[in-house]
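# Survey of secondary and tertiary structure
Listed below, chain by chain, are the residues.
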Amino acid sequence: MKRSMLLIGLTLLGLAQAQKTVSLVHSGAITGPTSDVGGPYAAAIEDYCKYANEQKLIPGYTLNCIVRDDQYQNPNAQRILEEALDRAKPAVYLGYATGAMLALKSLIQEVKLPAIPASAHIGLIDPPDNTYIFLPTSSYSEQVVALLEHIAREKKGAKVALVVHPSAFGRAPVEDARKAAAQLGLSIVDVQENGGSLDNTALLRNLEQKGAEYIVHQNVAGPVANILKDAKRLGLDKKIKQLGAIYTGGNDLIRLAGDAAEGYLWASSYYTLEEDTPGMRLHRELAAKNNRGTLGQSHNYTAGLLAAAIAVEAMKRAAQRFGRIDNVTFYDALVGMNGPNAFNPGFVVKTANSPEIDFTKSEQTGGEGLRVLEVKGGKFVPITQPFTSALFRKVHYGK
Amino acid sequence: MRNPWAQTGNYRTSYEQDTTIFATYREIVSVGVLLVALVLLPQFLERSQVLTLNFILIYAIAVLGLNITTGYAGLISVGQAAFMGVGAYTVALAAPYLPFYLTIPLGAAVAAVFGAIVGIPSLRVKHLYLALATLAFQEIFVWSVGRMPALAQGASIPVEMRNFLGYEIGFRNHNHFWYYVILFTLVLMVIAWRNLLRGKYGRALVAVRDNDRAADAMGMDPGRTKLMAFALGALYAGVAGGLLAYFQRSVVIEEFTLAKSVGFLAMAIVGGLGTVVGSLLGPAFIEYLRLLMERFSEWIKGNQVIQQVIPPGVDVASALLPLSFGLVIVLFLMFEPRGLYNWWRLVRSYFRTWPFKY
């Protein structure tokens, strides 16, 4: 009898240990504004979590993914996060919207919860309350500055217009862009805000009148596609060259703009769907397995996979190194992801000087490499080798 | 002999009786019980549940203001969120220098001034034309904030309050602390709202709404009354905005957009235009509907049988959220235009005439 009780006890103990759960929480715009980005992003996180559990990427732990739709509304994002903190005690928060993330900075700082947002707003990793926020790839500001550098190499003294989303997300790079343009000898002839006009004739004619030779977009793919189509309709597609930051391009833009996207330049850290890397092979596999259709064709799906992969990798390292996974050990594992311990999942490019993903307490941008890609024959094709912006840190931090 | 506990058999035979807020002791007791319940409620809830309550109460204050402007004065306004924003940004700018019990009234006052200014078109235009004027202000507000570096161009401005009279406020008690502040403020605003409508200004609002020419003939000034309606409505919104700024620890422009203004109108309609109870029921209904649909969406996502029926790649669960919001508005407009308040009125009528059926 005693032996039986002991056996039962050991079995229960074993089951308890085998059933340890670690949680991550994501809230994003699955519906509502910017859901063209948020939809594939959330789908990718869900798919990667299933993959992680199936492959037992975190030995001894079951990953509980809390994926919620906040409809791009800050109160919803706040409530979802606080619910998770009360009930699931997540190790990490995969945030989404710029406005919500900016509003939640102080809460994240107070509860010491690591956050890996989809938003790449530079303000998220600028003081104050920035200790626990980590951007998977370069910031919007750095991307725009990199595009300006590319323009300056192509044509000295060019006239450039900025067209940005009418939000903190869109406006973030404007100040840095102005400073960079001054350094590069470019002229910023206008800054326009566009959240999705269906007819951009007035916008384009205005920019034409001001002599704009380039348009740099900081937006999502939908508005940019409309502008490209209108530029083609007006015959301005040969006269004004258009470029954009991460959320403007990818297969979403090609699908929406069609042949009007030809010649569009895109600053991106992500590999394209056609490239053969471990990460992109996994992307194609998971998208097909989960019937993601057009969602799985998007680079935003890649972005979601990357965020989830970083989170899972940090959890795994926390378990190995500290024997438990919580927000404290997750943070320590994440900031230890550098040097020979950098993370190379195969989703984003790496430069000659830096690995794919690396974080420290002071360096809170994971993937620093960027490429410029151009639409040729209906596909984005890299036209530069991976690089980092030479000017961004100077214009933003003054050093 | 008047029955002090029930209205059955009591006739209102004086002006004071006709305008009294509490006609019987039972009404006083019922309100007292409600307040006690509201005070004790957070002790039984999680932080995130208190968070939802806080949003409901803040929105209730904003909708109270909308019920002055739209419900009682009959002036359509789709700029309530902008007035909230004026209050919130005023608080954000003043918070480093003044305590919250001064910044919030300051924000309310500034919002009231903006409300009076925005109300000027009401002197000449009515109905949908006036709605367009308030819509214009809503868009001008968002546009302006987006271009003002002093307001971070719509990005986050932190609003922190770490302690109050030595009481430390942090994550663990932040929601609860602000619940009581917001509840106290809401009670004050309801008392003010209710008493406003008992006085001559409140009656002037109703008269101007019903027939401004007749009101003018009777000696009321329709223009000044309308401006007052806008100012008071904006004042309430300013209070709500100030509370929201502190509660969310920051001010971002996304909280004060046209979609929010439309949401407040929806809350007012669902709750019942021109009523205190509706101002409380509307926000509660909308917010808990959102929560309910979110839970329902999660259930659908997790149900394998349903997932097998839905075509691959179609996210039915997530689409339910926006669908339900629009559907509820339409259903209320079709079948219960007087809102949830009418259901409350029916329930209350039963007890008012008790023990008789009518």
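Above this text sits the structure in question.
To keep things clear, this report deals only with the structure shown in the data block. Every chain's residues receive numbers from 1 upward, in the order its sequence appears when written. Chain A is the first chain written and ligand 1 is the first ligand written, with later ones labelled in order. Reporting in this predicted model follows two pLDDT cut-offs: at least 70 for local features of residues, and 80 or more for side-chain atom pairs to be given and counted; totals over whole chains, interfaces and linings ignore these cut-offs and use all residues. Only hydrogens and water are set aside; all other atoms, that is, all heavy atoms of the structure, feed into the side-chain values.

Our next topic: the overall build of chain B. Per the convention used, a helix needs a DSSP run of H or I reaching at least four residues, while a strand needs a run of E reaching at least two, with both numbered from the N terminus. Of regular secondary structure, chain B possesses 15 helices and 4 strands. All radius of gyration figures rest on C-alpha atoms, and the globule criterion is 2.2 Å times the number of residues raised to 0.38. The C-alpha radius of gyration computed for chain B amounts to 22 Å, which stays within 12% of the reference 21 Å derived for 358 residues, consistent with globular compactness. Here the C-alpha coordinates of chain B stretch approximately 65 × 50 × 50 Å along the principal axes. In this analysis, two residues are considered to be in contact whenever any of their non-hydrogen atoms come within 4.5 Å of each other. Contacts in chain B between residues far apart in sequence, at least 24 positions, make up 75% of those at least 6 positions apart. Split by element, the accessible area of chain B, about 17,700 Å² in all, is 70% carbon and sulfur. A distance of 7 Å separates the average location of the 27 positive side-chain charges in chain B from that of its 18 negative side-chain charges. Per-residue and other accessible areas follow the Shrake-Rupley method at a 1.4 Å probe size, with only the shown protein chains counted as cover for residues. As used throughout, the charge tally considers Lys and Arg to be positive and Asp and Glu to be negative, leaving His and the chain termini uncounted. To locate a charge, take NZ of a lysine, CZ of an arginine, CG of an aspartate or CD of a glutamate.

Residue and element names in this part refer to chain A. Buriedness for pockets is judged along seven lines, at least five of which must meet protein on both sides within 12 Å for an open set on the 1 Å grid over protein atoms alone, while cavities are sets there where a 1.4 Å probe fits but cannot get out, and lining residues have an atom within 4 Å of a point. Grid points are joined across faces, edges and corners, and a volume is the space filled by probe spheres set on the points. Scanning the model with the defined rule gives 9 cavities of 30 Å³ or more in all. As a volume, the largest cavity reaches approximately 130 Å³. Every residue lining the largest cavity is listed: Thr 34, Val 37, Tyr 72, Tyr 96, Ala 97, Thr 98, Ala 118, Ser 119, Tyr 140, Phe 169, Val 220 and Tyr 247. Each residue gets one of three labels, nonpolar for Ala, Val, Leu, Ile, Met, Phe, Trp, Tyr, Cys and Pro, charged for Asp, Glu, Lys and Arg, and polar for the others, Gly among them. The class makeup of the residues in the lining of the largest cavity is 9 nonpolar, 3 polar and no charged.

This part covers the layout of surface pockets. Reported here for the largest pocket is a volume of approximately 1,900 Å³. Breaking the lining of the largest pocket down by element, the ones donating at least two residues are helix H1 (15-19), helix H2 (25-40), helix H3 (47-72), helix H7 (171-196), helix H12 (276-302) and helix H15 (340-352) of chain B.

Each aromatic ring pair is specified by the distance between its two centres and by the angle formed by the two planes. The aromatic pairing rule takes the rings of Phe, Tyr and Trp, using the six-membered ring of Trp, and pairs them if the centres are within 6.5 Å, calling planes under 30 degrees apart stacked, those over 60 edge-to-face and the rest tilted. Counted under the stated rule, the structure contains 30 aromatic pairs over all chains. Relative to A:Phe169, the ring of A:Tyr140 lies with its centre 5.1 Å away and its plane at 80°, an arrangement referred to as edge-to-face. A residue pair is termed long-range when its members are at least 10 positions apart, and A:Tyr140 in helix H5 (residues 140-154) and A:Phe169 in helix H6 (residues 168-171) qualify at 29 residues. Partly exposed residues are those whose accessible area sits between 20% and 50% of the maximum for their type, while under 20% is buried and over 50% is exposed, using a 1.4 Å probe and protein chains only. Residue classification places A:Tyr140 among the buried positions, given a relative accessible area of 2%. By the ring-pair criterion, three or more aromatic residues cluster together here, those being B:Phe83, B:Tyr89, B:Phe114, B:Phe137, B:Phe141 and B:Phe256. We note A:Arg153 situated over the ring of A:Phe387; from NZ or CZ to the ring centre the distance is 5.8 Å. We call a charge positioned over a ring when the NZ of a Lys or the CZ of an Arg lies within 6 Å of the ring centre and within 35 degrees of the ring normal. For the cation-ring pair, B:Arg209 lies above B:Tyr72, with the distance from its terminal atom to the ring centre recorded as 5.8 Å.

Next up on the list: the sheet that holds strand E6 (residues 187-193) of chain A. Residues and elements named next belong to chain A. DSSP bridges decide pairing: two strands pair if at least two such bridges lie between them. With mixed pairing, 7 strands are arranged side by side in an open sheet as E6-E5-E7-E8-E9-E11-E12. The sheet terminates laterally at E6 and strand E12 (379-382), the two strands that pair on one side only. Averaged over all pairs of adjacent strands, the angle between strand axes in this sheet comes to 25°, irrespective of strand direction. With 4 bridges joining them, strand E7 (residues 214-218) and strand E8 (residues 241-244) adopt parallel strand pairing. Looking across to E8, one finds that His 217 is bridged to Gly 244. Lying over the sheet, H5 contacts strand E5 (159-164), E7, E8, strand E9 (265-268) and strand E11 (371-376), oriented at roughly 165° with respect to E7. Here, axes are lines fitted to C-alpha atoms. For helices the fit covers the stretch in contact, and angles between N-to-C directions go from 0 to 180 degrees. Relative to the sheet, helix H7 (residues 174-184) contacts E5 and E6, its axis offset from that of E6 by approximately 165°.

Residues and elements named next belong to chain A. Within helix H8 (residues 201-209) the residues assigned to the buried category are Leu 203, Leu 204 and Leu 207. All buried residues of H8 project into a common sector of 90° when viewed along the axis, lining one side. Exposed side of H8, more than 90 degrees from the buried face: Ala 202 and Gln 209 are the residues found there. Its buried side turned inward, H8 meets E5, E6, E7 and helix H9 (221-233). Backbone geometry just after H8 places Gly 211 at a positive phi near 80°. Taking the helix axis as origin, the arc is that swept by the directions to the C-beta atoms.

The next point concerns the environment of A:Glu274. All names here are of chain A. Assignment of secondary structure puts Glu 274 in the loop between E9 and helix H11 (278-289). Spatially, the C-alpha atom of Glu 274 lies 23 Å from that of Gly 366, the residues being 92 residues apart in sequence. Apart from residues no more than four positions distant in its own chain, Glu 274 is found in contact with Arg 284 and Lys 379.

The subject of this paragraph is the interface of chain A and chain B. At the junction of the two partners, chain A supplies 31 residues and chain B supplies 40 residues. Of the roughly 3,200 Å² buried between chain A and chain B on both sides combined, carbon and sulfur atoms contribute 45%. The working definition used for a salt bridge is a side-chain nitrogen of Lys or Arg within 4 Å of a carboxyl oxygen of Asp or Glu. Taken together, the links from chain A to chain B amount to 8 salt bridges. N or O atoms closer than or at 3.5 Å make up a polar contact, with two conditions inside protein: a donor-capable atom paired with an acceptor-capable one, and, for residues adjacent in sequence, both atoms drawn from side chains. The interface formed by chain A and chain B holds 14 residue pairs in polar contact (both at pLDDT 80 or more) in total. Ranked by residue count, the leading element in the side of chain A that touches chain B is helix H3 (residues 74-87) of chain A, at 11 residues. Across the side of chain A that touches chain B, the residue classes break down as 10 nonpolar, 10 polar and 11 charged. By buried area we mean how much accessible surface two parts lose on assembly, using a 1.4 Å probe and totalling the loss over both.

All names here are of chain A. Note on disulfides: each one is a pair of cysteine sulfur atoms within 2.5 Å. For the structure on display, the rule yields 1 disulfide over all chains. Here Cys 49 pairs with Cys 65 through a disulfide, and the sulfurs are 1.8 Å apart. Because the sign of the S-S torsion sets the handedness, a value of about -70° for the bond joining Cys 49 and Cys 65 places this disulfide among the left-handed ones. Of this pair, Cys 49 sits in helix H2 (residues 35-55) while Cys 65 sits in strand E2 (residues 61-69), placing them 16 residues apart in sequence. Among the residues examined, Cys 65 registers a relative accessible area of 22% and is labelled partly exposed.

This part takes up the nonpolar core. Here, nonpolar core refers to any group of buried Ala, Val, Leu, Ile, Met, Phe, Trp, Tyr and Cys residues whose side-chain atoms link them within 4.5 Å. One finds A:Tyr48, A:Tyr93 and A:Met315 to be the most contacted residues of the largest nonpolar core, which totals 135 residues. It is helix H12 (residues 299-322) of chain A that contributes the most residues to this core, 14 residues altogether. Residues in contact with A:Tyr48, not counting those within four places in the same chain, are A:Leu57, A:Leu282, A:Leu286, A:Leu305, A:Ala308, A:Ala309 and A:Val312. Listed in part, the 89 residues of the second largest apolar core include B:Val50, B:Val78, B:Val118 and B:Ala240.

Let us look at unusual backbone geometry. Residue and element names in this part refer to chain A. Omega for the peptide link from Pro 127 to Pro 128 comes to 0°, which places this bond in the cis form. Of note, Lys 89 is a non-glycine position whose phi angle comes to about 50°, a positive value. Along the chain, the position of Lys 89 falls in the loop between H3 and strand E3 (92-94). Residue Lys 89 is classed as exposed on the basis of its relative accessible area, which comes to 61%. One non-glycine residue, Lys 112, lies in positive phi territory at about 60°. For Lys 112, the location among the structural elements is in the loop between helix H4 (98-111) and strand E4 (135-137).

Quick look at the sheet that holds E3(A) now. Residue and element names in this part refer to chain A. Pairing in this open sheet of 3 strands is parallel, and the strands run E2-E1-E3 from one edge to the other. The sheet is open, and its two borders are formed by E2 and E3, each paired with just one other strand. Ignoring which end each strand starts from, the neighbouring axes of this sheet average 25° apart. The pairing of strand E1 (residues 20-28) with E2 spans 9 bridges and is parallel. In the strand pairing of E2, Gly 28 is matched with Asp 69. Docked against the sheet, H2 engages E1, E2 and E3, running at close to 165° with respect to E2. The strands touched by H12 are E1, E2 and E3; relative to E3, the strand with the most contacts, the crossing angle is about 175°.

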